[in-house]
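Geometric and topological summary
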Amino acid sequence: MMRWQGLILFSFVVLLVQIVLLNNLALSPYVAPMVYIAIIAMMPIETSQWKMLGVALLVGGLIDLTMGTAGLNVLATLPVAYFRRFILGLLCGLSSISNEEGIPTIKRFGSRFHRYLIVVVLLHSLIFYPFEWLSLSGIGFLVLRKLSSTLISLVMIYLLIIIFSKQLSRRQ
């Protein structure tokens, strides 16, 4: 059984960085990093679908409350949580994902983990930014914002994962 303390600490720090720092920091009109999606991406593989959807609802709802986005983050995190097991199975080569345990990490999956994380963050961005924009009038700006935010989000998520890699990989 994995140690939940490391995951709880990681989630708390990610939420704190997102709410306190990133929601109040205007890096550029093209960049709006969303690192909170790392909480969904780093949940243990054995986490049931219902628990994943519950966590996505809570995390997305908390971010919506702090950002004032009226359900937009929930709208983007729920599909990510729903398709997470499928993405893990497809990209990380897990033939029987129901028998897998532990947290998806770079050490465990190597380059497959990078593909998994990119797809998860990109899926979130593909859902979040078009609904945020709700117009095709500035499609160039939307694409640029989506790509730059995805790239910056990935860099920040990797930094958080590296910082917490020991806590996340501990087992009881």
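This text gives an overview of the structure that appears in the document.

The next thing to look at is the overall build of the chain. Counting its secondary structure elements, the chain contains eight helices and zero strands. Mapped from its N terminus to its C terminus, the chain presents α and β elements in the order α-α-α-α-α-α-α-α. When contacts within the chain are restricted to residue pairs at least 6 apart in sequence, those whose partners lie at least 24 apart make up 72%. Of the roughly 8800 Å² that the chain leaves accessible, carbon and sulfur atoms contribute 70%.

Positioned with a positive phi, Ala70 is a non-glycine residue whose angle comes to about 50°. Tracing the chain through its elements places Ala70 in the loop between helix 3 (49-67) and helix 4 (72-91).

Ranked by internal contacts, the top residues of the largest apolar core, which has 46 residues, are Phe10, Phe113, Tyr116, Leu117 and Ile157. At the level of elements, helix 1 (4-21), helix 2 (37-41), helix 3, helix 4, helix 6 (111-133) and helix 7 (139-163) are the ones that each hand at least two residues to this core. It is helix 6 that contributes the most residues to this core, eight residues altogether. Apart from the residues lying within four places of it in its own chain, the contact partners of Ile157 are Met34, Val35, Ile37, Ala38, Leu117 and Val121.

A few words now on helix 3. For an α-helix, the turn length of 3.6 residues means that residues three or four places apart are oriented alike. With 19 residues, helix 3 extends 26 Å from end C-alpha to end C-alpha; this agrees with the ideal 27 Å at 1.5 Å per step. Three or more residues of helix 3 are buried, namely Met52, Ala56, Val59, Gly60, Ile63 and Asp64. All buried residues of helix 3 fall inside an arc of 135° around its axis, so they share one side. Within helix 3, the exposed residues directed more than 90 degrees away from the buried face are Trp50, Lys51, Leu58 and Leu65.

The rules behind these values
- Residues numbered from 1 in each chain as written.
- Predicted model: local features only at pLDDT ≥ 70, side-chain atom pairs only at ≥ 80, totals over all residues.
- Heavy atoms only, no water.
- Helix = DSSP H or I, 4+ residues; strand = E, 2+ residues; numbered from the N terminus.
- Contact = heavy atoms within 4.5 Å.
- Areas by Shrake-Rupley, 256 points an atom, 1.4 Å probe, with all protein chains shown as cover.
- Core = buried A, V, L, I, M, F, W, Y, C linked by side-chain atoms within 4.5 Å.
- Buried < 20%, exposed > 50% of the residue type's maximum accessible area, 1.4 Å probe, protein only.
- Expected span 1.5 Å × (residues − 1).
- Arc of directions from axis to C-beta.

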